[in-house]
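Chains, contacts and geometry: an overview
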Amino acid sequence: MSVRSIIAMSGTALAVVVVVVFLLALYLLHRYGDLRKQQRMVLLGTLLSWYLCFLIVFILPLDVSTTIYKQCLLDNAHHPTPVPRASHPNQTDDNVSVYPNVSKTNRCEEPWSFIPDGVLPVFWRVVYWTSQFLTWLLLPFMQSYARAGAFSRVGKMKTALIENAIYYGTYLLIFISLLIYVAAHPKWKLSWGQLQTIGITAANTWGLFLLVLLLGYGLVEIPRSYWRSSSQSYLLAKTYFKAAKMANEKVEAEENLADVMEDVAGIHESVRYNHSLRKCVDTILTKCPADYREEMERRAESSGGEKNVLPTKRSLINLHKKVITAVQRHNQTQVQWSILLDEAFHLEDVAKSQSSSVRYFVHSLPSTHHQGWIHRFLYSPTVEWYWECVFRQSFYRLLAVVLCLLSAAVVWSECTFFSTHPVLSLFAVFVHLAEKQHNYICIEMVCFVSILFLCVCVYSTVFRIRFFNYYYLVPHHQTDAYSLQFSGMLFCRLTPPLCLNFLGLIHMDSAISHQDRIQTSYTSIMGSMSVLYFISDGFYIYYPMLVLLLCFATYYSLGSRCLNLLGFHQYITDNDMTSDLVDEGKELIRRERRKRQKAEDGENRRSAWRERYGVQGANGRTRAGYTEFNENQSSPVTEIKKSVKTRRDGEMEEQQRSLLQDNSSDEDSASRRSTGGRYLSLSPSRSGIFDDV
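Just so it is clear, the structure is predicted and the values come from calculations on it, not from any experiment. (Residues numbered from 1 in each chain as written. Predicted model: local features only at pLDDT ≥ 70, side-chain atom pairs only at ≥ 80, totals over all residues. Heavy atoms only, no water.)

Right, let's talk about a nonpolar patch on the surface for a bit. Together, Val-19, Phe-22, Leu-23, Leu-26 and Leu-35 give the surface a local cluster of nonpolar side chains, amounting to about 390 Å² of exposed area. Residue position: Leu-35 is located in the loop between helix 1 (3–32) and helix 2 (40–78). (Patch = residues over 30% accessible without salt bridge, like charges linked within 9 Å, V, L, I, M, F, W, Y side chains within 5 Å. Areas by Shrake-Rupley, 256 points an atom, 1.4 Å probe, with all protein chains shown as cover. Salt bridge = Lys/Arg side-chain N within 4 Å of Asp/Glu carboxyl O. Helix = DSSP H or I, 4+ residues; strand = E, 2+ residues; numbered from the N terminus.)

According to UniProt, the feature "transmembrane region" (unreviewed entry) maps to residues 6–29, 41–60, 126–145, 165–184, 196–220, 395–412, 441–462 and 541–558 in the numbering used here. This span, residues 165–184, is 100% helix and 0% strand, and a straight line between its end C-alpha atoms measures 28 Å. Secondary structure content for residues 395–412 is 100% helix and 0% strand, while the C-alpha to C-alpha distance between its ends is 26 Å. (UniProt positions renumbered as here; feature names shortened; annotations may be inferred.)

Relative to the helices and strands, Lys-238 resides in helix 6 (residues 232–270). Sequence separation between Lys-238 and Thr-573 is 335 residues; the distance between their C-alpha atoms is 9.3 Å.

In this section: the confidence of the model for the protein chain. In the predicted model, the protein chain carries a mean pLDDT of 78, and 77% of its residues have values of at least 70. When mean pLDDT is taken per element in the protein chain, helix 11 (residues 381–416) scores highest with 93 and helix 24 (residues 670–673) scores lowest with 37. Predicted confidence is poor over residues 83–106, with pLDDT under 50, and the contacts of this stretch with residues over four places away or in other chains come to 15 contacts. Taken as a whole, residues 616–693 scores under 50 in pLDDT and shows 78 contacts with residues more than four places along the chain or in a different chain. (pLDDT = per-residue confidence, 0-100. Contact = heavy atoms within 4.5 Å.)

This next bit is on the nonpolar core. Looking at soluble globular proteins, one finds that nonpolar side chains tend to be buried together. Counting residues in hydrophobic clusters, the biggest one holds 91 residues, and the most contacted among them are Trp-50, Ile-59, Trp-124, Leu-219, Ile-506 and Tyr-522. In terms of residues, this core owes the most to one element, helix 2, which gives 17 residues. If sequence neighbours within four positions are ignored, Trp-50 has contacts with Ala-25, Leu-28, Leu-29, Phe-463, Leu-484, Ser-487, Gly-488 and Phe-491. (Core = buried A, V, L, I, M, F, W, Y, C linked by side-chain atoms within 4.5 Å. Buried < 20%, exposed > 50% of the residue type's maximum accessible area, 1.4 Å probe, protein only.)

What follows deals with the packing of helix 3 (residues 119–147) against helix 14 (residues 481–505). Following both chains from N to C, one finds helix 3 and helix 14 inclined at 160°, their axes separated by 9 Å at the closest point. Considering the angle they form, helix 3 stands roughly antiparallel to helix 14. Judged by the twist between their axes, the crossing of helix 3 over helix 14 is left-handed. Here Tyr-128, Ser-131, Gln-132, Thr-135, Trp-136, Leu-139, Pro-140, Met-142, Gln-143, Ala-146 and Arg-147 of helix 3 come into contact with helix 14, specifically with Ala-481, Tyr-482, Gln-485, Phe-486, Gly-488, Met-489, Cys-492, Arg-493 and Pro-496. Tallied by class, residues from the contact of helix 3 with helix 14 come to twelve nonpolar, six polar and two charged. (Axes fitted to C-alpha atoms, helices over the stretch in contact; angles between N-to-C directions. Parallel < 35°, antiparallel > 145°, perpendicular 65-115°, else oblique. Left-handed = near helix turned anticlockwise from the far one by under 90°. Nonpolar A, V, L, I, M, F, W, Y, C, P; charged D, E, K, R; others polar.)

Our next topic: helix 5 (residues 192–229). Taking 1.5 Å per residue as the helical rise, helix 5 with its 38 residues ought to reach 56 Å, and the 53 Å between its terminal C-alpha atoms agrees with that figure. Of all the bends in helix 5, the greatest measures close to 25° and is centred on Gly-218. (Expected span 1.5 Å × (residues − 1). Bend = angle between axes of the 7 residues up to and from the residue.)

So, on to the packing of aromatic side chains. Given two aromatic rings, their pairing is described by the distance between the two centres and the angle made by the two planes. Applying the stated criterion across every chain yields a total of 24 aromatic pairs. Consider the rings of Phe-54 and Tyr-459, whose centres lie 5.8 Å apart with planes at 50°: the pair is tilted. Taken together, the residues Phe-54 in helix 2 and Tyr-459 in helix 13 (residues 440–464) connect sequence positions 405 residues apart. Phe-54 gets classed as buried once you look at its relative accessible area, which sits at 7%. By relative accessible area, which is 7% here, Tyr-459 ends up buried. Where Tyr-69 meets Tyr-440, the ring centres are 6.3 Å apart and the plane angle is 75°; that geometry is what we call edge-to-face. Here Tyr-69 is found in helix 2, whereas its partner Tyr-440 is found in helix 13, with 371 residues between them in sequence. Here Tyr-69 matches Tyr-440 in class, with each residue buried. (Phe/Tyr/Trp six-rings, centres within 6.5 Å; stacked < 30°, edge-to-face > 60°.)

Moving on: the pattern of salt bridges. Following the criterion strictly, the structure yields 17 salt bridges and no others. Put simply, Asp-574 and Arg-561 hold a salt bridge, and the shortest N to O gap is 3.7 Å. Here Arg-561 lies in helix 19 (residues 558–565) and Asp-574 lies in the loop between helix 19 and helix 20 (576–619), a separation of 13 residues in the sequence. Salt-bridge contacts for Arg-591 lead to Glu-587; the nearest nitrogen and oxygen are separated by 3.6 Å. Here Arg-591 pairs with Glu-587, and both are found in helix 20, just four residues apart, close to one helical turn. The class of Arg-591 is partly exposed, set by a relative accessible area of 43%. Taken together, the shared-partner salt bridges in this structure form one network comprising Glu-262, Glu-269 and Arg-299.

Have a look at this one:
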């Protein structure tokens, strides 16, 4: 294979990885963020941080295979493999020793993904320092900027700088302390390279501290979650539990929003249109829901607003911040509640289908499943029945066993990777065996699968953790700007120490393994850890062993039990409070199912009536449509006509039109049905289409 073709293949591999990783980051941002409504700078910062972190994970296996190939060339240059000359027929055995041995120079084959010299060092420097700039400087500033309640860009920037002054000052103090420590050491001489190493070591130490905590949770929880997900009864009980908790959160969010809107209404009434602060009030009103704005307008017209105290600019800024938070939280709970209901209905349908003799999956509420024709063709009701009732349980359990074996390999390697003679780390054993065979594809696959599993354990924990609604990643475009940027900060801080930890597991980091090998381009930009030997020889080696204790704590759910004692209810199977919440959630799901079923029946009756009497009759705007109503003497419309005989004909037509266009279900509340002072007549009609009015 020519050099030009190899370079073309390596360039193609690198380009494909770059594009695929970008699409992955963009998909995740689309799933958790709102690309149309959120600020462009927030989306750009989050996308860039996620993209750079994922890029490090996908490019590192190519760096490892390239480094192993360079090490092979170096070993052959120092210790050439002797290959005897081929003997000729007229040559005797005595003359064989006369010909010298020839070194075999083509023993090391270039990997298909070989990256030329000089490309990876520049690539890693750009990626690493850009991610560090984002996580330590730009994203914290943008977080405060997004949550600021100021009404101008200058005001938001000022608030962000003030909030981050303590944040930046703390890191500056730590850096100055390390700088003084290095300067006071008699054997060390300060240089720009050593200053970079000190900064990188400090950042990686902080990231490794958090990495082990998240990794210890993910290594146990991910295999266990798949094993438990194979049980439909467990999933249904946990969904009931989450429904009970979500109902309480939904009520709290609605009450909080109502309280904040009450404050906004008071300010809206007190600040008149000729006041200097009126522009700020209008800005706050644009963030309020439409129904609340209409109510505020009606209240403002009926009241003069002279008795209310005029607010200050600072109070309006604080109120603006409260409005943004309350509206965002309210929207999150509404979407999560709807998604949770669909999940509970689906699991109940699965439980019914398992006990049914018909191998055909039936949805009790078909209106909640609007899929495209491709999905309906490939995932037919029969295929869905076999997957949900037959294959899903076995597949999830098999996947849980595979993930459990990977977790055991990670825990064993984390506790033994410092041993190089003999090699005890399983990942190092696999890489060394593939290195002896010069199987670069196998090396890259082992590295990719290992790093991917570590990232799944760590990143999935980042997506699951929740800090009192202060940080919470919500799917279906409901994550706020603060949480998106906070996740980007965590990714940028966790990915570099995760990659260094993996290189230590496969003995490719000489600062830990103390082997005389060529360093990867990634470790070369980290500098020599000998500047801070107590970190390279102590913390980096022995602290990852703590993952074993964290795995035991996660296995026995010690964290969940502690949170449960503190009042933060967690799903624990042997807990009385959990059983009560499961029963409460089951009753809530049953009520919501009845509401949706009534709404479904009402919609079906209206559709049947439209098909029978046509579009004009459905709109209720022609005399022929009214004739159909007059024929039915017991219908509720007839009663309404008798009660409003004194009104003008236009008012009567308008009321009949509103009745026809109203939602016929009673799913909202009893108060909605009795707004007119009494319940409407429920006597059956001849056509049977107004039974639920």
